[in-house]
Amino acid sequence: MSASRYTYLGPEGTFTEAALRTLPEAATRELTPMVSVPAALDAVRGGEAAAALVPIENSVEGGVTTTLDELASGEPLMIYREVLLPIAFALLVRPGTALTDVKTVTGHPVAQPQVRKWLAAQLPEAVWESAASNADGARLVQEGRYDGAFAGEFAAATYGLTPLVTDIHDAQNAATRFVLVGRPARPAAPTGADKTSVVLWLREDHPGALLELLQEYAVRGVSMMRIESRPTGEGIGRYCFSVDCEGHITDRRVSEVLMGLKRVCQEVRFLGSYPRADEVTASVRPEMTDVAFTEASDWLARCMDGRG
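Quantities reported herein were computed from a predicted structural model and do not represent experimental measurements.

Quick question: what am I supposed to make of the sheet that holds strand β13 (residues 224–231) here?
Working definition: the strands of a sheet are paired by backbone hydrogen bonds and lie parallel or antiparallel to each other. Here four strands make up an open sheet; going across it, the order is β13-β14-β12-β15 and the pairing antiparallel. If you trace the sheet from one side to the other, it starts and ends with β13 and β15 (265–275), each paired once. Going from strand to strand, the sheet's axes swing by 15° on average, the running direction of each strand aside. Pairing of strand β12 (residues 194–202) with β15, which is carried by nine bridges, proceeds in the antiparallel orientation. Among the inter-strand pairings, Asp 194 is bridged to a residue of β15, identified as Pro 275. Helix-sheet contacts for helix α7 (residues 209–218) involve β12, β13, β14 (239–246) and β15, and the interaxial angle to β12 is about 155°. Relative to the sheet, helix α8 (residues 252–264) contacts β12, β14 and β15, its axis offset from that of β15 by approximately 160°.

As structure tokens, then:
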């Protein structure tokens, strides 16, 4: 395995690259752009890279389905870090292009909902076509295939383009969440501000099946931060669930949740426990602390010993 190589969703100039460069270790790694999320992750699975940074969630559009599906299938991988990157777009054009010259625009599909209102107001006649990434859209503009691309302003220099309009975003405080993914290993030590991710498959579809999963979290006071259903490919109505929750696998309340899920689910894929990018510490009720679980376990042992 190449321990010095990280892959990311390319080409050069993507928001993913910008997010990756915020990690201190990126300065000492070879950063290799890949044509797609599956390609970036397959490089890790195949031992060609130590880790890959890929987008997983957007505050406007929700989950990045390609990443969610890749993490739920194939050889298991684990999340070790997350990065939150504020997102604002620039309309990149070839030098000399005026706003009235822009008839065709491109960008990643996730970008479109974030600039739709601006586009309708400023370029109502422009035709949108999706690109593999925002940076790839910039490359296509450089090649003359489109008049403008919605991408990060930082991508302009890479592709010899001009940022015609900057700071474009329909939603204030828009952000994208990225995850650093590697091969399975022991999770990092808990920090007190952690997140745990899993993928869950129902044992069987029956009334209340989803409620059973939710109760495993609720009765132990573990807050779910995200839950999304994804089709399994096994037929209409067959879904798995991608879930993030507060806490670390070594927290008693979280480990009890995972054991409960393992009992009631057909399959549980552990995707990792890792530090939260926002560094927010979980609020834990007194009866759900590790101390409370230990005291309850000790009391049960005394009962079984005739000392209860």
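Help me understand α7, please; the structure alone is not making it clear to me.
Every α-helical turn comprises 3.6 residues, leaving residues that sit three or four positions apart pointing alike. Where α7 is concerned, the buried positions are Ala 209, Leu 213, Glu 216 and Tyr 217. Down the axis, α7 shows its buried residues gathered within 100° of arc, on one side only. Those residues of α7 that are buried lie in contact with β12, β13, β14, α8 and β15.

Looking at this structure, how should I read empty space enclosed by the protein?
The gaps left among the atoms become clear once a water-sized probe is rolled over them. Applying the stated criterion across every chain, the model contains two cavities of 30 Å³ or more. Roughly 220 Å³ of volume is contained in the largest cavity. If you trace the largest cavity, you find 18 residues lining it, with Phe 15, Pro 55, His 108, Asn 134 and Thr 176 closest to the centre. Looking at the lining of the largest cavity, the elements that each hand over two or more residues are α1 (15–20), β3 (51–58), α5 (134–142) and β11 (175–182). Grouping the amino acids of the lining of the largest cavity by side-chain chemistry returns ten nonpolar, eight polar and no charged. Here the lining of the largest cavity spans two domains, and each of domain 1 (1–86 + 174–185) and domain 2 (89–168) adds at least three residues to it. Considering the residues around the second largest cavity, the lining is formed by Ile 56, Leu 68, Leu 71, Ile 79, Ser 197, Val 199, Arg 226, Ser 242, Asp 244 and Leu 271. Along the lines of polarity and charge, the residues of the lining of the second largest cavity split into six nonpolar, two polar and two charged. If you count residues domain by domain, the lining of the second largest cavity takes at least three from each of domain 1 (1–86 + 174–185) and domain 3 (186–308).

How should I be thinking about the domain arrangement of the chain in this particular structure?
It is common to give the size of an interface as the accessible area lost on bringing the parts into contact. Domains assigned within the chain are domain 1 (1–86 + 174–185), domain 2 (89–168) and domain 3 (186–308). Using only C-alpha atoms to locate each centre, domain 2 and domain 3 end up separated by 42 Å.

Could you clarify how one ought to interpret unusual backbone geometry in this entry?
Of all residues except glycine, most have a negative phi; of all peptide bonds, most are trans. Here the residue pair Gly 10 and Pro 11 is connected by a cis peptide bond, since its omega of 5° sits within 30 degrees of zero. Note that Pro 11 resides in the loop between β1 (5–9) and α1. Of note, Asn 173 is a non-glycine position whose phi angle comes to about 60°, a positive value. Of note in the backbone geometry, Glu 279 takes a positive phi value of approximately 60° without being a glycine. Its place among the elements puts Glu 279 in the loop between β15 and α9 (290–304).

Help me understand the packing of aromatic side chains in this model?
For any pair of aromatic rings, geometry is given as the distance between the ring centres together with the angle between the planes. What the rule picks out here adds up to four aromatic pairs. Relative to Phe 150, the ring of Trp 118 lies with its centre 5.9 Å away and its plane at 85°, an arrangement referred to as edge-to-face. Of this pair, Trp 118 sits in helix α4 (residues 112–122) while Phe 150 sits in strand β9 (residues 148–151); the two residues are 32 residues apart in sequence, bridging distant segments of the chain. In this structure, Trp 118 and Phe 150 share a single accessibility class: buried. Put simply, the rings of Phe 15, Phe 89 and Phe 154 touch in pairs and so form one group of aromatic residues.

Rules and cut-offs
- Residues numbered from 1 in each chain as written.
- Predicted model: local features only at pLDDT ≥ 70, side-chain atom pairs only at ≥ 80, totals over all residues.
- Heavy atoms only, no water.
- Pairing = 2+ DSSP bridges.
- Helix = DSSP H or I, 4+ residues; strand = E, 2+ residues; numbered from the N terminus.
- Axes fitted to C-alpha atoms, helices over the stretch in contact; angles between N-to-C directions.
- Contact = heavy atoms within 4.5 Å.
- Buried < 20%, exposed > 50% of the residue type's maximum accessible area, 1.4 Å probe, protein only.
- Arc of directions from axis to C-beta.
- 1 Å grid on protein atoms, 1.4 Å probe; cavity = no way out; pocket = protein on both sides within 12 Å on 5 of 7 lines; lining within 4 Å.
- Points joined across faces, edges and corners; volume = space filled by probe spheres on them.
- Nonpolar A, V, L, I, M, F, W, Y, C, P; charged D, E, K, R; others polar.
- Domains from an automatic or database assignment.
- Phe/Tyr/Trp six-rings, centres within 6.5 Å; stacked < 30°, edge-to-face > 60°.

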